[in-house]
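Observations on the three-dimensional arrangement
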Amino acid sequence: MAARKTTAKPAKPNVSAEELKTYYRDMLLIRRFEEKAGQLYGMGLIGGFCHLYIGQEAVVVGLEAAAEDGDKRITSYRDHGHMLACGMDPDGVMAELTGRAGGYSKGKGGSMHMFSKEKHFYGGHGIVAAQVPLGAGLAFADKYRENGRVTFTYFGDGAANQGQVYETFNMAALWQLPVVFVIENNQYAMGTAQRRSTSTPDLYTRGAAFGIPGEVVDGMDVLAVKAAGEKAVAACRAGKGPYILEIKTYRYRGHSMSDPAKYRTREEVQKMREERDPIDHVRDLLLQGKHATEDDLKSIDKEIKAIVGKAADFARESPEPDLGELWTDIYAEAAE
C-alpha cells in the first residue's frame, strides 16, 4: 500500500493539545459509529434509507466547538454525525436506527427523524431543504426572547437550489435573525456534480443578493471549520443577522446505502481518503506536536469501538415499539 500523504499543518496557537484530542475523539466516534451502522444495514437490522456521514466529520465537530450551551441545530437526513457531535447518546441513536423502543423517537423515526430537546437538536428532516425555514424559525424565537442563542441550520449543495432556501434568506436578513446557514457542500448532492447543476462556482455568494455575508471553508480541516464558526457565531450574537458558511467537504460513501456512486471514480475517492482525511489530519497534528503517541491514539480508538459496540448491543436488545405507539405523538394536547 502506498504511503499516505501527510497534509497536517501546525496547530493554531489558541487550540490546546486537549482540544485536539477532543476533536480527534469526537470525529473518530462518528466514523466508527457510521461504519457500524453500515454493517447493521447490511445485516438487515436497519431498514429504509440510511445516509452515512463518513468523510464529513470535521464539519459538525468544528462547528460544535464554536457553539455554546443553548445554541440550536437542525439538519437534513445525513444526521447521525450531528447527533453525536452535540452529545446525544450513541445507544439511543443506534436504537432509533434499528427501529427499537429505546431510540430517541421510540423507534418510529428511524435514520432521518430523531430529535432531542435536551441537546437542542431539532432533526433530521427527510424533505430536501425543509429544515431551512424551520431553522430560521428557531432563530426567530431566540431573537424574540433576546437570549443570545444562535441556530446552526445545515443543508447540502443539492438543497441549495431549492426555492425555500432563498425565501428563508430573505426573511432572515430582513429580521436580522441569529442563524448560521451551513452549506455542507460534498460536491455531488444525490449524484450530480455541482458544476453540472449549479450556475455559480461558490454557493455562499448567493447570500449577497440579500445582504448576507459568508465565506468558503475547508471542511476537511476541523480547525478551519472551528475558526470560521467562531467568526459567524460572533456576528450573529452581535445582532448583525445571519451568516453563510459554505463548507467544502466530501463523503466517502454513496448518497445512501443503496447508492453505488458510479458518478465518480474510485481513484478520486481514494485520493481524498489518502490526502485529505479530516481525522488523519488531526492525528498528524497530535503526533507531530508530540501531544500524543501511537499507543495513546490506539487507546482512544479502542475506547470508541467499545462505545459503538455497546450501542449496537443496546439496539439489538431493545424491544420493538409496542403497537400502541402507533397512536402516540400524533396530536399535541392543547390547553383549554
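Note that the coordinates shown come from a computational prediction; the quantities given were computed from them, not determined experimentally.

What counts and how
Residues numbered from 1 in each chain as written. Predicted model: local features only at pLDDT ≥ 70, side-chain atom pairs only at ≥ 80, totals over all residues. Heavy atoms only, no water. Core = buried A, V, L, I, M, F, W, Y, C linked by side-chain atoms within 4.5 Å. Buried < 20%, exposed > 50% of the residue type's maximum accessible area, 1.4 Å probe, protein only. Helix = DSSP H or I, 4+ residues; strand = E, 2+ residues; numbered from the N terminus. Contact = heavy atoms within 4.5 Å. Axes fitted to C-alpha atoms, helices over the stretch in contact; angles between N-to-C directions. Parallel < 35°, antiparallel > 145°, perpendicular 65-115°, else oblique. Left-handed = near helix turned anticlockwise from the far one by under 90°. Nonpolar A, V, L, I, M, F, W, Y, C, P; charged D, E, K, R; others polar. pLDDT = per-residue confidence, 0-100. Expected span 1.5 Å × (residues − 1). Pairing = 2+ DSSP bridges. Right-handed = clockwise from strand over helix to strand, strands pointing away. Phe/Tyr/Trp six-rings, centres within 6.5 Å; stacked < 30°, edge-to-face > 60°. Salt bridge = Lys/Arg side-chain N within 4 Å of Asp/Glu carboxyl O. Patch = residues over 30% accessible without salt bridge, like charges linked within 9 Å, V, L, I, M, F, W, Y side chains within 5 Å. Areas by Shrake-Rupley, 256 points an atom, 1.4 Å probe, with all protein chains shown as cover.

**Considerations on the nonpolar core**
With 70 residues, the main nonpolar core has Leu63, Val180 and Leu245 as its most contacted residues. Among the elements that make up this core, the one with the highest residue count is helix α1 (residues 17-42) (10 residues). With sequence-adjacent residues up to four places away left out, leucine 63 is seen in contact with Phe152, Tyr154, Val182, Val225, Gly229, Leu245 and Ile247. Within the second largest apolar cluster, 19 residues are counted, among which are Ala139, Ala160, Phe169 and Phe181.

**So, the packing of α1 against helix α11 (residues 294-317)**
Across the interface, α1 lies against α11 with an axial gap of 9 Å and an inter-helix angle of 40°. By the angle class used here, α1 and α11 are oblique. Two packed elements cross with a definite hand, and for α1 against α11 that hand is right-handed. Each of Tyr24, Arg25, Leu28, Leu29, Arg32, Phe33, Lys36 and Leu40 in α1 lies in contact with α11, whose residues at this interface are Leu297, Ile300, Asp301, Glu303, Ile304, Lys305, Ile307, Val308, Ala312 and Arg316. The residue inventory of the contact of α1 with α11, partitioned by class, reads 11 nonpolar, no polar and 7 charged.

**Overview of the side chain of serine 256**
Topologically, serine 256 is positioned in the loop between β5 (243-248) and α9 (266-276). Exposure remark for serine 256: the relative accessible area of 9% places this residue in the buried category. Those residues in contact with serine 256 that lie beyond four places of it in its chain are Phe49, Cys50 and His51.

**Remarks on the confidence of the model for the chain**
The predicted model of the chain averages 94 in pLDDT, with 96% of residues at 70 or higher. Low pLDDT, under 50, characterises residues 1-11; the stretch is placed with 21 contacts to residues that sit more than four places away or in other chains.

**So, α11**
Under the 1.5 Å per step criterion, the end-to-end length of α11 is 35 Å for 24 residues, consistent within 8% with the ideal 34 Å. Every buried residue belonging to α11 is among Leu297, Ile300, Asp301, Ile304, Val308, Ala311, Ala312 and Ala315, and all of these are buried. Each element contacted by the buried residues of α11 is listed here: α1, α4 (90-97) and α10 (278-288).

**Thoughts on the pairing of strand β2 (residues 151-156)**
Most of β2 sits inside the fold, with 6 of its 6 residues counted as buried. Here β2 shows a buried face lined by Thr151, Thr153 and Phe155 and a second buried face lined by Phe152, Tyr154 and Gly156. Pairing of strand β1 (residues 72-74) with β2 involves 3 bridges; the strand directions are parallel. Among the inter-strand pairings, isoleucine 74 is bridged to a residue of β2, identified as threonine 153. Sheet topology places β2 next to strand β3 (residues 179-185); 6 bridges connect them, and they run parallel. By the bridge assignment for β3, phenylalanine 155 is matched with isoleucine 183. Between the parallel pair β2 and β3, the chain is carried across by helix α6 (residues 163-174), and the sense of this crossover is right-handed.

**Some remarks on the packing of α1 against α4**
Where α1 meets α4, the axes come as close as 11 Å, and the angle between the chain directions of the two elements is 25°. Classified by the angle between their axes, α1 and α4 sit roughly parallel to one another. Two packed elements cross with a definite hand, and for α1 against α4 that hand is right-handed. Here Phe33, Lys36, Ala37 and Leu40 of α1 come into contact with α4, specifically with Pro90, Val93, Met94 and Leu97. Of the residues in the contact of α1 with α4, the class split is 7 nonpolar, no polar and 1 charged.

**Re the packing of aromatic side chains**
Following the criterion strictly, the structure yields 7 aromatic pairs and no others. When the ring of tyrosine 188 is compared with that of tyrosine 263, the centres are 5.5 Å apart and the planes differ by 40°; the resulting orientation is tilted. Taken together, the residues span a long stretch of sequence, with tyrosine 188 in the loop between β3 and α7 (194-197) and tyrosine 263 in the loop between β5 and α9 at a distance of 75 residues. What links up through ring pairs into an aromatic cluster is the set Tyr166, Phe169, Phe181 and Phe210.

**A look at the sheet that holds β2**
If you walk across this open sheet you meet the 5 strands as β1-β2-β3-β5-β4, and the pairing is parallel. Each edge of the open sheet carries a strand with a single partner, namely β1 and β4 (214-218). When the angles between neighbouring strand axes are averaged without regard to direction, this sheet yields 20°.

**A closer look at the pattern of salt bridges**
On inspection of all chains with the given rule, the structure shows 25 salt bridges. The partner of arginine 276 in a salt bridge is aspartate 218, and the shortest N-O contact between them spans 2.6 Å. Pair noted here: arginine 276 is in helix α9 and aspartate 218 is in strand β4, with a separation of 58 residues, a long-range link. The class for arginine 276 is partly exposed, based on a relative accessible area of 28%.

**Here we look at the side chain of glutamine 194**
Looking at where glutamine 194 falls in the secondary structure, it is placed in helix α7. Setting aside its immediate chain neighbours within four residues, glutamine 194 contacts Asn185, Gln187, Thr200, Pro201, Asp202 and Leu203.

**Considerations on a nonpolar patch on the surface**
The grouping of Phe140, Tyr144, Met171, Leu174 and Trp175 at the surface amounts to a nonpolar patch, some 570 Å² of accessible area in total. Broken down by secondary-structure element, the contributors of at least two residues to the nonpolar patch are α5 (131-145) and α6. Relative to the helices and strands, methionine 171 resides in helix α6.

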